[in-house]
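Coordinates in review
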Amino acid sequence: MPDVIEGRKGLAKVMYLGWEKWRSPFCPHRPSSLLPMLGDSLAQSPISASTPRGFWAMPENLTAVEGTEVELRCGVSAPDSVVQWAKDGLLLGPNPEIPGFPRYHLEGNPAKGEFHLHIEACDLSDDASYECQVGRSEMGPELVSPRVILTILVPPRVLHLTPEAGSTVHWVAGQEYEVACVSGDAKPAPDITFLQSGKIVSSVSANVNEGSQEKLFTTEATARVTPQSSDNGQLLVCEAFSPALDTPIKASVTMNVLFPPGPPVIDWPGLDKGHVRAGQNLELLCTARGGNPPATLQWMKNGQPVSIAWGTEHAQAVARSVLVMTIRPEDHGARLSCESSNSVSPDVQEQSVTLQVTFPPSAITILGSTSQSENKNVTLCCITKSSRPRVLLRWWLGGRQLLPTDETVLDGLHGGHISMSNLTFLVRREDNGLSLTCEAFSDAFSKETFKKSLTLNVKYPAQKLWIEGPPAGQYIRTGTRVRLVCLAIGGNPDPSLTWYKDARTVTEPRQPQEPRRVQLGSLEKSGSTFSRELVLIIGPSDNRAKFSCRAGQLSASTQLAVQFPPTNLTILANVSVLRPGDALNLTCVSISSNPPVNLSWDKEGERLEDVPAPPRSAPFKGSAASRSVFLRVTSRDHGHRVTCRAHSAELHETVSAFHRLDVLYPPEFLGEQVLVVTAVEQGQALLPVSVSANPGPEAFNWTFRGYRLSPAGGPRHRILPGGALQLWNVTRADAGTYQLHCQNSEGTAEALLRLDVHYAPTIRGLQDPTEVDVGGSVDIVCTVDANPILPDMFSWERLGEEEEDMSLDDMEQMAKGSTGHLRIRQATLAQAGAYQCIVDNGVGPSARGLVRLVVRFAPQVDHPTPLTKVAAAGDSTSSATLHCRARGVPNVIFTWTKNGAPLDLQDPRYTEHTYHQGGIHSSLLTIANVSAAQDYALFTCTATNALGSDHTNIQLVSISRPDPPLGLKVVSVTSHSVGLEWKPGFDGGLPQRFRIRYEALEIPGFLYVDVLPPQATTFTLTGLQPSTRYRVWLLASNALGDSGFTDKRIQVSVTTPEHLPPPGPLGLPLLPVLFAVGGLLLLSNASCVGGFLWQRRLRHLAEDISEKTEAGSKEDRVRNEYEESQWTGDRDTRSSTVSTADVEPYYHSTRDFHPRLPPMLEEGSYPQGEDEDVAFQGHLYDEVARAYGLPGTWGPLYDEVQMVRRAVPPVCLSWKLACLPPHVSAR
């Protein structure tokens, strides 16, 4: 235990010695409170040399850094005692885990008395006094250890530097700046030191302040810094020292110290500073070192800035600028200086140099003329430009030096001198052409020579002169090219040979547009001979003219004889203004010709009689002539030419001149003036003007229907410059007569032009529908508005699907003016339908109009064979529907009787529905709650319209066995089969089936075959023997029995043919095979064509049906439509009428029947195919309907209705088991 105590003493000593080492030598300004605090702690816990009784290990004062682990030791001699720790008097409890203090726990072996307090991750809350307390036990009394102090050191986490840490400060060298550094919370308060470029800053003041929490402190230090140029780019560092830190924390800023640059230095090339030569390229380098920012360099010349760029090297802090200039004489004495400065320079620093420029004379000038006549003196003066230094002058003539008369030196520009020398000497002919030179020289320009030379020109005259050209007296035709050459020998300067014509100098024409009749050559030299050529295009003025050549005092001449036609043929008139009827006297004058000419007159090729006129004088030494003619003018003479012709027999040449007659007269319309103009509507029209007038018409005024058209034009017209009227977007309202009024200063004229506008036909009248009784006659009239009206512009078409429906052979087509007629005589039902009137007059699209021809006829009621029957159960629970159908126009009215008595439709058991489809009408009488006593009767349906009536009988009977089938016949026979066909008879009101019984006459016994499907009406009986006679019966049956075999109409006999084996391929005759193949091909083609036509008809009919859905039945309107579809009747009478264009009701049993028509009232839906079976749900005794097929004439109507059904799906009504197309309603 003494060793432990000594260890604890050693720890406290180490802590103290460490603090002493930490505070010296860098922390002379440490906090003064640290040592007393440590001293007090040690004083409170004195450690004696012997441990108190009951403890074998005692806690000691400890110092720890925040975040480390600490252990306070406590060893107890009585291990069974209760031991716990107290923190600042607060008992922590004996539990080793020490609840409430997660970082505290007891360590050691309690059995050995070890109760050491271990603290993890110490923080400031652990800075307190601690005691180890032992409770009373059987082994001993209560014990308390001495109080010890646990001191927690908290290091500073951050330093706050002003200016901001990590930034760059911009300071000026030599100025003082203040820097503040504040530490974060710490314990104890840290010491702060400033380092400037690695050196401690002495001017520092520090204050210790309380921290953000108790026991924490902050230190705020301020330093005064005076930066120098050497501090540029260095760091200013703030360091904080604390015993809780191994190394101090730092914050720094970078110092950017601004300081002025050094003086500039100019590097002069060569040794002789300032001395240069004019023309030399001088390069001067100016350098300035140091400075932040680097120096800005500026070159100055005589105090004026020179724009020169400079460069800097930041690494070496050097600025350089090069001045490049070409030295000129005016740069002599110039002061060049280089200035350096930056933003912190107190003054501009400079270095300068003064230029001393050496320059030669820039030019030498010789004054005076070097041209002189022989044997005379020449006086010249040689003068130089300014030079530095001065130059000397000397004269040379050829290779001979001449002595000057006198010499003079004057002050020149730019500090230089001007040299001048005068020379006078006598010239001779042999000196001509020699070079006269003035030379300047100086020792300063020993390698250069400056001189000026002139050529001496000594003048002397020519020796001989003559002309070469055509011989004298030779006649030359005008227009001939003549060449004259003047020649001379000797003379200086070269003789100037000058040509003259009749004492006037000959020159070439100055204007380029003038004909070049004279070509004057230049002076040419060949040895000592000189020549000059004159080329002439001979004209009348050259006749007998004198051409001479002169050279100084010498002269030579020649003369030409020229033949020429009249130079000018002029026509003179006695009046200047002409009007129709005026007299005109014209005189033709030939001014001059050589030889004389003969004159004659003509007008537009017609020779005129003339008379001679008085003679006149003629120029160019020729002959003149004149003759006159007399005319009386008309308007037709305007513009005609009267020609005078001068003919020379010797020259074989004629010259003509004409006088154009200008006759003033009022406007006159020409014979080609168009009076009728045709245009097409919406096109353009041009009403031309062919008028003659002098002067031209001043105005063209157009008037239409009393209104004057604006000369400036309008939206649809404009008047062209020639007076023509142009119209566009022409309408038929523009047709009519246009009046044109032309006027000039001599009078007026008028013309009438008619505009005929053609336009496409428009049908104005078409009676639709046009009605006629069967056998009557009627005209379908088509009235149009069109221009032009053509006799053959009407044509008619009949609209229909079949080609025979298109024929108009039995009709007469007529036309009269704007009305066309289609006359129909003895009208038939087949002629009813749609007709189209087509009008085409050749303008635009043709007009088409549709008209319907309605042929009226008396009703025709359908009479099925045999007598129509309808079966129904007479138990007053079933209903029956009677169907009546008729054709007729106009619409028919149906009436019903029962056993000859009118039927009371007010009876609620009777309901009538009437349908009208064009000329087809149907009445459906429904009898509810059929009673055998009251309703089994003969019902009569009568159809009536204004033209007549017709009727049919329908028997309502009880359900019974079916009637025998009708019309059993053989449709095909082979050696082993027979094809049969029949019509079903009355089914008795119940579904019926068919059975075939047959026998071979040679074989006893009958064979039976059931027809499948049950509703089929055709059947092929197979399994027969060849060459055998068979008898066949057809039986109909339903749930109540069969029709029996007694009716002969259900029996047929047939004999099967002999069985022939098929011939082999070699046994086929060639001709029958060819016929068979050809027949098959014809049948195939016919089937293809028929299929195509049938498909086209179906397509057209389907298109028609889609149109009928909205607008009614087009078919009815086309065929024989009488009136629009309508609904008649009301609910009270239990009778209704439906007119529809798409439904053709017919009457079929609801049993196994496959109609090709839309289902009617009281009918259910059924398949569309012919051979499909129909399944009916439930017993159908309560409601039975019966219908027969119609005669052949009604067949096509069924087909059409069939297509209607397929094109328009039916709409099912909910109140009855019936379906109607979308536009059929029922009540």
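All values derive from a computational prediction rather than experimental measurement. (Residues numbered from 1 in each chain as written. Predicted model: local features only at pLDDT ≥ 70, side-chain atom pairs only at ≥ 80, totals over all residues. Heavy atoms only, no water.)

1. Looking at the overall build of the protein
What the protein contains, in helices and strands, is 6 helices and 97 strands. Within the protein, buried positions represent 42% of all 1227 residues. Once local pairs closer than 6 in sequence are excluded, the contacts in the protein between residues at least 24 apart make up 66%. Split by element, the accessible area of the protein, about 63,200 Å² in all, is 52% carbon and sulfur. (Helix = DSSP H or I, 4+ residues; strand = E, 2+ residues; numbered from the N terminus. Buried < 20%, exposed > 50% of the residue type's maximum accessible area, 1.4 Å probe, protein only. Contact = heavy atoms within 4.5 Å. Areas by Shrake-Rupley, 256 points an atom, 1.4 Å probe, with all protein chains shown as cover.)

2. Things to note about the state of the cysteines
Inspection of the entire model under this criterion finds 8 disulfides. Disulfide pairing places cysteine 181 opposite cysteine 238 at an S-S distance of 1.9 Å. Taking the sign of the S-S torsion, -85 degrees for the link of cysteine 181 and cysteine 238, the bridge is left-handed. Here cysteine 181, found in strand 14 (residues 177-183), pairs with cysteine 238, found in strand 19 (residues 235-241); they are 57 residues apart in sequence, far enough to count as distant. Both residues of the pair, cysteine 181 and cysteine 238, count as buried. Between the sulfur atoms of cysteine 884 and its disulfide partner cysteine 941 the distance amounts to 2.0 Å. (Disulfide = S-S within 2.5 Å.)

3. Some points on the pairing of strand 43 (residues 481-489)
Looking at chain direction, strand 41 (residues 464-468) and strand 43 are connected through 5 bridges and run antiparallel. By the bridge assignment, isoleucine 467 is partnered in strand 43 with cysteine 486. Alignment of strand 43 against strand 48 (residues 529-537), held across 9 bridges, turns out to be antiparallel. Following the sheet pairing, arginine 481 is matched in strand 48 by isoleucine 537. (Pairing = 2+ DSSP bridges.)

4. Observations regarding the sheet that holds strand 83 (residues 938-945)
As summarised here, the arrangement of the 5 strands in space is 77-84-83-79-80, forming an open sheet in which the pairing is mixed. A strand with exactly one partner marks an edge of an open sheet, and here the two such strands are strand 77 (868-871) and strand 80 (901-902). Alignment of strand 79 (residues 893-898) against strand 80, held across 2 bridges, turns out to be antiparallel. Bridge pairing in strand 80 links threonine 897 to proline 902.

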